[in-house]
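# Structure at a glance
If you want the building blocks of each chain, they are given just below.
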Amino acid sequence: MSDAPTATALPFRDEELADFLERTSRTFALAIPLLDEPLRREVGLGYLLLRVADTLEDAAPWTRDERRQALAAFASLLQETPGVDAEALSREWLSRRPSENAGYLDLLASTPTLLASLDALRPEAGAILRHFVLKTVQGMGQVLAGASEDGLLQLESLQSLRDYCYIVAGLVGELLTDLFVLDPRLAPYAPNLRSLAPLFGEGLQLVNILKDARQDRREGRVWLPAGVQLQDVERLAGEDLVAAARYVRALHLAGAPRDVLAFTTLPLLLAQATLELLVRDGAGAKVSRAVVSAQLDTLQAALSRGTLPEAVEALAGPVPGSP
């Protein structure tokens, strides 16, 4: 790292941000464009900041300590620590090639632009992103402390799996909720939404872990604890998706705008469809493009009627207090 001043980076243009989302994400590349501004840019930047953290955490060629040092350096950037040079750090990370994914590497190279984009957000949104991304980065470092020296990580219990899911996904649910309730119409409903948000994130993460279990194992990550029955993880994911459906319904009953309902409902529908496939076919199963397209059409049709998709209402169950 250098104390020398660097050229001031400019924020991402809209098309640059959209391109990075296309190249580095799957479900979120479909969901984020459903949002209106300023949420589209804020949520997109939040995703990309977390993708940088994921890339450093998952750097298979690096040792445990190299990954933890990189995460600590990224935390220093988020905290705006004097003398920490984003451009020098990104060059250092790239010189040791943490990933073979070209999109991830290009994003690391654009770290100064990512931080400039963060600085250009409305102040209250920028503060929310810094707070939650920093908590995630610090939590990842703590999880890696339990890895072997070469970076092999093995979770030991269902509770340790849930703790990990909170760090990498539950906090994302809280981040998104805090952005949503900046809308004065939703602010009165913040306590209920915040109570459900971590379970929403946990449910999506558990489905991803179940889906990617074989690939993760090949890359030295074993998120499914050896002593835990697969059916117990699937059952927990299903329970979490019920909470996710109740979160979406709470937004709907609170009068959330259509873009927020579309953004939150689509990942839920895709996760539920994926979980059903995983229970039937096992790890590696994923929904087809045709199913994704059909789910999106169903969602948009329901929202045009002023309702939620029937599958969401069925998953959420009766409204409390209804006959």
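Because the structure is a prediction, the values reported are computed rather than measured.

Here is what the cut-offs are and how they apply
- Residues numbered from 1 in each chain as written.
- Predicted model: local features only at pLDDT ≥ 70, side-chain atom pairs only at ≥ 80, totals over all residues.
- Heavy atoms only, no water.
- Helix = DSSP H or I, 4+ residues; strand = E, 2+ residues; numbered from the N terminus.
- Buried < 20%, exposed > 50% of the residue type's maximum accessible area, 1.4 Å probe, protein only.
- Lys, Arg positive; Asp, Glu negative; His and termini not counted.
- Salt bridge = Lys/Arg side-chain N within 4 Å of Asp/Glu carboxyl O.
- Contact = heavy atoms within 4.5 Å.
- Axes fitted to C-alpha atoms, helices over the stretch in contact; angles between N-to-C directions.
- Parallel < 35°, antiparallel > 145°, perpendicular 65-115°, else oblique.
- Left-handed = near helix turned anticlockwise from the far one by under 90°.
- Nonpolar A, V, L, I, M, F, W, Y, C, P; charged D, E, K, R; others polar.
- pLDDT = per-residue confidence, 0-100.
- Domains from an automatic or database assignment.
- Buried area = accessible area lost by both parts, 1.4 Å probe.
- Polar contact = N/O pair within 3.5 Å; in protein donor to acceptor, adjacent residues only side chain to side chain.

## Observations regarding the side chain of D240
Mapped onto the elements of the fold, D240 is located in helix 12 (residues 230-253). Here D240 occupies a buried position and makes no salt bridge, while the nearest side chain of opposite charge, R162, is found at 4.5 Å. Once residues lying within four places of it in the same chain are set aside, the contact partners of D240 are R162, L199, E202, G203 and L206.

## So, the environment of L78
If you trace the backbone, L78 turns up in helix 4 (residues 64-78). For L78, a relative accessible area of 4% translates into the label buried. The sequence separation of L78 and P320 amounts to 242 residues, and the corresponding C-alpha distance is 41 Å. Beyond its immediate chain neighbours, meaning those up to four positions away, L78 contacts L49, L115, L118, R130, V133, L134 and V137.

## Some thoughts on the packing of helix 9 (residues 158-180) against helix 10 (residues 190-211)
The geometry of helix 9 relative to helix 10 is characterised by a closest axis approach of 7 Å and an angle of 130° between their N-to-C directions. Taken together, helix 9 and helix 10 sit at an angle that is classed as oblique. Note that helix 9 runs across helix 10; the crossing there is right-handed. Seen from helix 9, the contacting residues are L161, R162, Y164, C165, Y166, V168, A169, G170, G173, E174, T177 and D178; seen from helix 10, they are L193, R194, A197, P198, L199, G201, E202, Q205, L206 and I209. Counted by class, the contact of helix 9 with helix 10 contains 12 nonpolar, five polar and five charged residues.

## As for the confidence of the model for the protein
Low-confidence regions, as indicated by low pLDDT, have predicted coordinates that should not be scrutinised in detail. Of the residues in the protein, 96% have a pLDDT of 70 or more, and the chain-wide mean is 93. Segment residues 1-7: pLDDT under 50, and nine contacts once partners within four positions in sequence are set aside and those in other chains are kept.

## Things to note about the domain arrangement of the protein
According to the domain assignment, the protein contains domain 1 (12-153) and domain 2 (154-317). Taken over C-alpha atoms, the centre of domain 1 sits 22 Å from the centre of domain 2. At the junction of the two partners, domain 1 supplies 31 residues and domain 2 supplies 32 residues. In this assembly, domain 1 packs against domain 2 so that about 2,600 Å² is buried in total across both faces, 75% of it on carbon and sulfur atoms. Our count for the domain 1 to domain 2 interface comes out at one salt bridge. Notably, a salt bridge pairs D212 with R26, separated by 3.5 Å at the nearest N-O pair. Run the count over domain 1 and domain 2 and you get four residue pairs in polar contact (both at pLDDT 80 or more). Within the residue set of the side of domain 1 that touches domain 2, elements represented by two or more residues are helix 2 (27-31), helix 3 (39-57) and helix 8 (123-144). Looking at the side of domain 1 that touches domain 2, the element that brings in the most residues is helix 8, giving 11 residues. Partitioning the side of domain 1 that touches domain 2 into residue classes produces 19 nonpolar, four polar and eight charged.

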